[in-house]
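A closer look at the structure
The primary structure of each chain is shown beneath.
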Amino acid sequence: MTLFPDLTDGILGESIIGRAQNKGAIEIYSHNIRDFSEDKHRRVDDTPCGGGMGMLMAAPPIYRCWKNITENTDFKKRKTVYMSPQGRVLTQNVAKEYLDCEQVIILCGHYEGVDRRIIEEIVDDEISIGDYVLTGGELPACIFVDCVSRMIDGVLSDSECFENESISNGMLEYPQYTRPIDFMGRKVPEVLLSGNHKKINEWRYKAALELTKKNRPDLL
Ligand code: SAM
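So, here is what we can say about the structure in this document. (Residues numbered from 1 in each chain as written. Predicted model: local features only at pLDDT ≥ 70, side-chain atom pairs only at ≥ 80, totals over all residues. Heavy atoms only, no water.)

1. Description of the overall build of the chain
When helices and strands are counted, the chain shows 7 helices and 7 strands. Counting from the amino terminus, the chain carries its helices and strands in the arrangement α-α-β-β-α-β-α-β-α-β-α-β-β-α. Relative to the compact-globule value of 17 Å for 220 residues, the chain shows a C-alpha radius of gyration of 22 Å, a clear excess of over 25%. If one aligns the C-alpha atoms of the chain with their principal axes, the spans along those axes are about 70 × 40 × 35 Å. Of all 220 residues assigned to the chain, the portion counted as buried reaches 37%. (Helix = DSSP H or I, 4+ residues; strand = E, 2+ residues; numbered from the N terminus. Rg over C-alpha atoms; globule rule 2.2 N^0.38 Å. Buried < 20%, exposed > 50% of the residue type's maximum accessible area, 1.4 Å probe, protein only.)

2. Description of unusual backbone geometry
Here the residue pair Arg-179 and Pro-180 is connected by a cis peptide bond, since its omega of 5° sits within 30 degrees of zero. Along the chain, Pro-180 turns up in the loop between α6 (138–149) and β6 (182–183). In this model, Ile-167 sits at a positive phi of 70°, which is unusual for a non-glycine residue. Tracing the sequence through the fold places Ile-167 in the loop between α6 and β6.

3. A short note on the packing of aromatic side chains
Applying the stated criterion to the full structure yields 3 aromatic pairs. Seen from their ring centres, Tyr-98 and Phe-144 are 5.1 Å apart, and the 90° between their planes marks the pair as edge-to-face. Highlighted residues: Tyr-98 in the loop between α4 (92–97) and β4 (103–108) and Phe-144 in helix α6, separated in sequence by 46 residues. Tyr-98 sits in the buried class, given a relative accessible area of 2%. A centroid spacing of 6.5 Å and a plane angle of 55° characterise the contact between Tyr-177 and Trp-203, whose relative ring orientation is tilted. (Phe/Tyr/Trp six-rings, centres within 6.5 Å; stacked < 30°, edge-to-face > 60°.)

4. Some points on the pattern of salt bridges
A complete count under the given rule lists 15 salt bridges for this structure. One salt bridge in this structure joins Glu-97 and Arg-88, with 2.7 Å as the shortest N-O distance. What makes Arg-88 partly exposed here is its relative accessible area of 32%. Several salt bridges converge on common partners, so that one network encompasses Arg-43, Asp-45 and Asp-46. (Salt bridge = Lys/Arg side-chain N within 4 Å of Asp/Glu carboxyl O.)

5. As for the site of the ligand
Around the ligand, a shell composed of 21 residues is seen, among which Tyr-82, Met-83, Gln-86, Gly-109 and Tyr-132 lie nearest. Taking Tyr-82, its side chain carries an N or O atom lying 2.6 Å from an oxygen atom of the ligand. The side chain of Gln-86 places a nitrogen or oxygen atom 3.0 Å from an oxygen atom of the ligand. Protein chains bury 85% of the 580 Å² of accessible surface belonging to the ligand in isolation. Using a 2 Å cut-off from the grid points, one finds that the ligand occupies the second largest pocket. Contributing elements (two or more residues each) for the shell around the ligand: β3 (78–89) and β5 (125–128). With 5 residues, β3 is the single largest residue contributor to the shell around the ligand. Considered class by class, the residues forming the shell around the ligand number 10 nonpolar, 10 polar and 1 charged. (Near = heavy atom within 4 Å. Polar contact = N/O pair within 3.5 Å; in protein donor to acceptor, adjacent residues only side chain to side chain. Areas by Shrake-Rupley, 256 points an atom, 1.4 Å probe, with all protein chains shown as cover. 1 Å grid on protein atoms, 1.4 Å probe; cavity = no way out; pocket = protein on both sides within 12 Å on 5 of 7 lines; lining within 4 Å. Sits in = over half its atoms within 2 Å of the grid points. Nonpolar A, V, L, I, M, F, W, Y, C, P; charged D, E, K, R; others polar.)

6. Observations regarding a nonpolar patch on the surface
On the surface, Ile-11, Tyr-132, Leu-134 and Leu-139 cluster together into a nonpolar patch covering about 370 Å² of accessible area. As for its position among the elements, Leu-134 is in the loop between β5 and α6. Classification of Leu-134 by relative accessible area gives partly exposed; the value is 39%. (Patch = residues over 30% accessible without salt bridge, like charges linked within 9 Å, V, L, I, M, F, W, Y side chains within 5 Å.)

7. Looking at the sheet that holds β5
Backbone-to-backbone hydrogen bonds pair the strands of a sheet. The strands run either parallel or antiparallel. Spatially, 3 strands are ordered β4-β3-β5 in an open sheet, and the strand pairing comes out parallel. The sheet is open, and its two borders are formed by β4 and β5, each paired with just one other strand. For this sheet, the mean inter-axis angle between neighbouring strands, taken without regard to orientation, is 45°. Two elements, β3 and β4, share 6 bridges in a ladder whose sense is parallel. From the neighbouring strand, Lys-79 faces β4, where its bridge partner is Val-104. Lying on the sheet, helix α3 (residues 59–71) is in contact with β3 and β4; it crosses β4 at an angle near 165°. Against the sheet, α6 engages β3, β4 and β5, with an angle of about 160° to β4. (Pairing = 2+ DSSP bridges. Axes fitted to C-alpha atoms, helices over the stretch in contact; angles between N-to-C directions. Contact = heavy atoms within 4.5 Å.)

The following block contains the structure:
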């Protein structure tokens, strides 16, 4: 649920997530909250009660949009998420919790955010993508959808499997190389060209450990 469906459709319609939709592994719909405004100018926001800067998204159009979705779909395992800098921070493990859901309805805020009462009425979980503030929830929603979707069967091909990647396996992934073997004097480590898989695995494990120690010691 967004005021800018072209943003989310554009991002999620491309590449791996776009292909996953085309082959039916996942379904994604962007609903325009403005379509549910009853104002003759299609307004969806108003000034904050008590004063202050900016505009707030009003509760009624969001509620009608949400009702329209829930009344026209029939899923038992459904959750409604508000993308918010005030939410718990998205991690791979938080994303995994959503693999159990048949439907996730995501509310994207904009401007100064949304009227608190809509959160109390419809939202099950508030998720932040990090300790910084963006102009809207559309990019956070796309990040959340991408992160959950790539763990769903049929979204990634075997060659793109997520299981051995950074974070998923508890540390960062080892450094990767492809052709050319020599790039401006920087050569691919010889062991990777040796064909000796035991040695390659040992090298990769050690390199992954070193990289994790350097960049993300908190993971170890
Ligand atoms: N006034 C709000 C506050 O101080 O908590 C911030 C509103 S922000 C400018 C507008 C919208 O962007 C939010 O309603 C939310 O949907 C989204 N947003 C901004 N930063 C986010 C983040 N780190 N994670 C998830 N959503 C975010």
